[in-house]
Structures are given as C-alpha cells and as structure tokens.
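Residue-level structure breakdown
Spelled out from the first residue to the last, the chains are:
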Amino acid sequence: MDIEEGGLTVSVPEARDGASEGTGGGVFFNPTQELNRDVTVAVLRAYRDREPRAASYLDAMAASGIRGVRAAAEGYDVTCADVDPDAVDLAAENLAANDLDGEAVHRDVNALLYDDGPFDVVDLDPYGTPIPFADAAFANARNLVCVTATDTAPLCGAHLNSGIRKYGAVPRNTDYHPEMGLRTLISALVRTAARYDKAARPIASHVSRHYARTYLELESGAQAADACIDELGYVDNCEDCLWREPTRGLIADPVESCPVCGGDRVLTAGPLWLGPVADTDFARAVRERVTDDMGEAKRARKLLGTVARELDTPTHYDQHRLYKAWGEPAIGMEEFVERLRGAGYEASRAHYRGTAVKTSASIPEMRAAVLGGAHGTDGADGDADATD
C-alpha cells in the first residue's frame, strides 16, 4: 500500500504494530514510529547547520526504506541496507519513485560498515536491542550515531538479567523507569564508543511509548572519550521514602541503608549516564525545524520543547507517587512546578510522562514547598513551563 509521510509518497507493507522499521531480516512498516521519523528529519536538518560537512547517511536496517527516503529528501547521500532482498528492492523502488538519489544494498550492516565506511551519520533502528550493531557503528561513523532501542523492559530493569547481559549495567525498575532505560542505553553506547577512543555525547534524546531514542555526536580522541566516561556512575534509590543519590565513577559503593528513613530497601543501579541527555540549544534548534507537513508535528514540537527545558538531573520524580506518599490530593503540574520555583528551587517538567518533574529540591524540601503553598504560603512566583 502507498502512504504519505513528510510530503513524500512511499510503498509500504502492512503495518506490524509495536516494532521499529528494521529488524535486519524482515520487511514491514510501523506507523506508530512516525514521531520517531519526524524528529529524526528535524535532527538531520538542525545537524546540517551544526556540522555542514556531514553528508553521508546510512539507514542501517532499511525495511521499507522510509527513513532513508526522508533523509535523501533532505539532501543527504543515502545508503539503505538490509539483509532481506525484498526490503532492498522496496527501498530502491521508494527512492526512485520520489526521484531521489540513493543506494539500496543487500548487506549485513556490520560487514557494510567495516567494508564501505565510514559514514557521517549512522542510524540504527533495529527491532529490539541495538547493541549487536553498536561496535561497527561507532568504529565507522564520523559525526553522528542515531540509535533506537525497543527492548524497554531489559533497559529499565523489569527484565533485570536481560538488561545486565545486553547492556553491561544493572538497571533497576524504579518510579523513573523510562529515564532509567534511556540512561542505561546511553551508558552502554558511550562505553562502546570509548573503546575506539571516541567520545559519544547525546545532543538529543527522548523516550516515547515503547522505545528510547538518542542522537550521539562523536569526537575523536582518548581525552574526549575519558571525559565522557567521567559522566558515568551509579544511583542509589530508596524504595520506601524515594530518596535517591547519584555518584559518579565506575566503582560502585552502594549504601546499605537509606540515610533519610533508615530503611534497607535501597537499590543501586549503574553504570548509568549521569550527564545531560540533550544539548539545550540543539534541542531548540531541532524543534524549530519541525514543519507542518510532518504528521506528528504537534507532538514533536511539544516533546522537543519539554526536552529543551528539562533540568539535567539524572532522575525525575512522579508527582502522583509523591502525593500518595504525603497523603494529600495532587495539584496541577504547572502549579506544582511554580511552587517549587517560588520556593527558590530549580524545577521543570520532564518528557517521560505527564506527571514527571525534575528539581534540585529534596523530597522533604518539595513537601514543604508545595504543601506549604497548598495551605496558604505564597509560592507561585516562577514561570510555568510551556507545553508546546
């Protein structure tokens, strides 16, 4: 069937819900990934201004080729790769049908990267974990590696042993599990890049529905790679009072009991990426390059606006969980953030869910700030985050 996306018409097979575009062994199309593709196109547009020399783009698991076709329409020199010959034929047909230059090749992407690389931009969008392709990508990419992971249960600690095996980290299934998954993914990718004396810094990232997506800008050199490794560490998290504390470094020193409530239900997760998951200025630039011909333009702008405004603390709080612990009815999120700011704390909404908040305040400080406001304290002097 033919579909229109981003001002282009492409032929796609019937949708298979819940998967990314490419499995490295199947031809299918996932309409729920349109937001992912729209943001990718906006990133490619913004990145051209950031690094004008970036020209070649590898769609590593092409399937229908829609991601590569949209990159080609932006002027990138595109290669679509897949191990399924039907996928290769379909990607080639879609490039030709839109009068776009580009190459569709029947190759294993790991072999392709080592034989025909490097590429300026490498886009990994597999079904499940991207880890089997990460070494080849970071060894043979010049500027930007774009990565999707759909195995969110292992990433966030719900399937603990699988997460440990695949990502070389101990993820934990916490209240902030979407962010746990993203930071577990980035940690594994940063450590992979460092093996090749490359720094991989996330300049845009998001978690949406069933996947995590990150865009990592590369810088060659051992010192740069070491600086990225310094952004890794561990988070101790109390399951009882919700206290948590990040600690940088690759040698874990987990606490035995919570320093706030004294409970012994403390989980330690890591190594996680503790640095920013996005570059604020770049995220704003990406948002500006979302256009109305994108089917998910409204969602993309709202998402990227929130990402750009997020504090770069390594965890977030769920407002409903906090109010449940306090035994109080929850107030609106905008008012909640305003009261924290009015009390002198940094605070922002977070894109991971509608009730996610990031703040420099501890839980006792949050309670005093927002419940004090609820009982008559004036704590609403800050500007609320915009939602679009």
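This one's a predicted model, so the numbers in the text were calculated from it and none came from an experiment.

1. Considering the sheet that holds strand E12 (residues 266-273)
- In space, the three strands of this open sheet follow the order E11-E10-E12, with antiparallel pairing throughout. Edge positions in the open sheet fall to strand E11 (244-248) and E12, since each of these has one partner strand only. With strand direction ignored, the average angle separating the axes of adjacent strands in the sheet is 20 degrees.
- Across five bridges, the pairing between strand E10 (residues 232-238) and E11 is antiparallel.

2. Some details on the UniProt feature "binding site: Zn(2+)" (unreviewed entry) in the protein chain
- Residues given the UniProt feature "binding site: Zn(2+)" (unreviewed entry) here are Cys 238, Cys 241, Cys 258 and Cys 261. Across 24 residues, the annotated set stays spatially compact, with a maximum C-alpha separation of 8.7 Å.
- You can see Cys 241 is positioned in the loop between E10 and E11.
- A relative accessible area of 21% places Cys 241 in the partly exposed class.
- Leaving out residues up to four positions away in the same chain, Cys 241 has contacts with Cys 258, Val 260, Cys 261 and Ile 363.
- Counting through the fold element by element, Cys 258 comes out in the loop between E11 and E12.
- In this structure, Cys 258 is in contact with Cys 238, Cys 241, Trp 243, Gly 263 and Val 266, ignoring residues within four places of it in sequence.

3. So, the sheet that holds strand E13 (residues 317-318)
- Reading across the sheet, the three strands line up as E13-E15-E14 and stay open at both edges, with antiparallel pairing between neighbours. Looking along the sheet, the strands with just one partner apiece sit at the ends: E13 and strand E14 (347-349).
- Bridge count for E13 against strand E15 (residues 356-359) is two bridges, and the pairing is antiparallel. Paired with Tyr 317 across the two strands is Val 357, which belongs to E15.

4. Points about the pairing of strand E7 (residues 141-149)
- Burial analysis of E7 places eight of its nine residues in the buried class, the great majority of the element.
- Bridging between strand E6 (residues 119-124) and E7 involves five bridges; their strand directions are parallel. Residue pairing for E7: Phe 119 is matched across the bridge by Ala 141.
- In the classification by handedness, the crossover that spans E6, the intervening helix H5 (residues 131-139) and the parallel E7 is right-handed.
- Relative to strand E9 (residues 211-220), E7 is paired through six bridges, and the arrangement is antiparallel. Bridged to Val 145 within E9 is Leu 216.

5. A few points about the UniProt feature "binding site: S-adenosyl-L-methionine" (unreviewed entry) in the protein chain
- The UniProt record marks Arg 37, Arg 67, Asp 82 and Asp 108 with the feature "binding site: S-adenosyl-L-methionine" (unreviewed entry), using the residue numbering of this structure.
- Summarising the element assignment, Arg 37 is placed in helix H1 (residues 34-50).
- One can find Asp 82 in strand E4 (residues 77-82).
- Under the relative-accessibility criterion, Asp 82 is labelled buried at 2%.
- A polar atom in the side chain of Asp 82 sits 3.3 Å from the backbone nitrogen of Ala 62.

6. Brief notes about the pattern of salt bridges
- Considering all chains together, one arrives at 27 salt bridges under this definition.
- The salt bridge partner of Arg 213 is Asp 123, with a shortest N-O separation of 3.0 Å. Taken as a pair, Arg 213 in strand E9 and Asp 123 in strand E6 lie far apart in primary sequence, 90 residues in all.
- Accessibility expressed as a relative area gives 0% for Asp 123, which makes it buried.
- The salt bridge involving Glu 296 is made with Arg 299; its shortest N-O contact spans 3.4 Å.
- Residue Arg 299 is classed as partly exposed on the basis of its relative accessible area of 40%.

7. Remarks on unusual backbone geometry
- The step from Gly 117 to Pro 118 runs through a cis peptide bond, and the omega angle for that step is 5 degrees.
- Here the amide bond leading from Gly 270 into Pro 271 is cis, since omega sits at 0 degrees, within 30 degrees of zero.
- With respect to the helices, strands and loops of the structure, Pro 271 is situated in strand E12.
- Although it is not a glycine, Ala 63 sits at a positive phi angle of roughly 50 degrees.
- Turning to its location among the elements, Ala 63 is positioned in the loop between strand E3 (56-59) and helix H2 (66-73).
- With a phi close to 75 degrees, Leu 242 is a non-glycine residue in the positive phi region.
- Structurally, the position occupied by Leu 242 is in the loop between E10 and E11.

About the criteria used
Residues numbered from 1 in each chain as written. Predicted model: local features only at pLDDT ≥ 70, side-chain atom pairs only at ≥ 80, totals over all residues. Heavy atoms only, no water. Pairing = 2+ DSSP bridges. Helix = DSSP H or I, 4+ residues; strand = E, 2+ residues; numbered from the N terminus. Axes fitted to C-alpha atoms, helices over the stretch in contact; angles between N-to-C directions. UniProt positions renumbered as here; feature names shortened; annotations may be inferred. Buried < 20%, exposed > 50% of the residue type's maximum accessible area, 1.4 Å probe, protein only. Contact = heavy atoms within 4.5 Å. Right-handed = clockwise from strand over helix to strand, strands pointing away. Polar contact = N/O pair within 3.5 Å; in protein donor to acceptor, adjacent residues only side chain to side chain. Salt bridge = Lys/Arg side-chain N within 4 Å of Asp/Glu carboxyl O.

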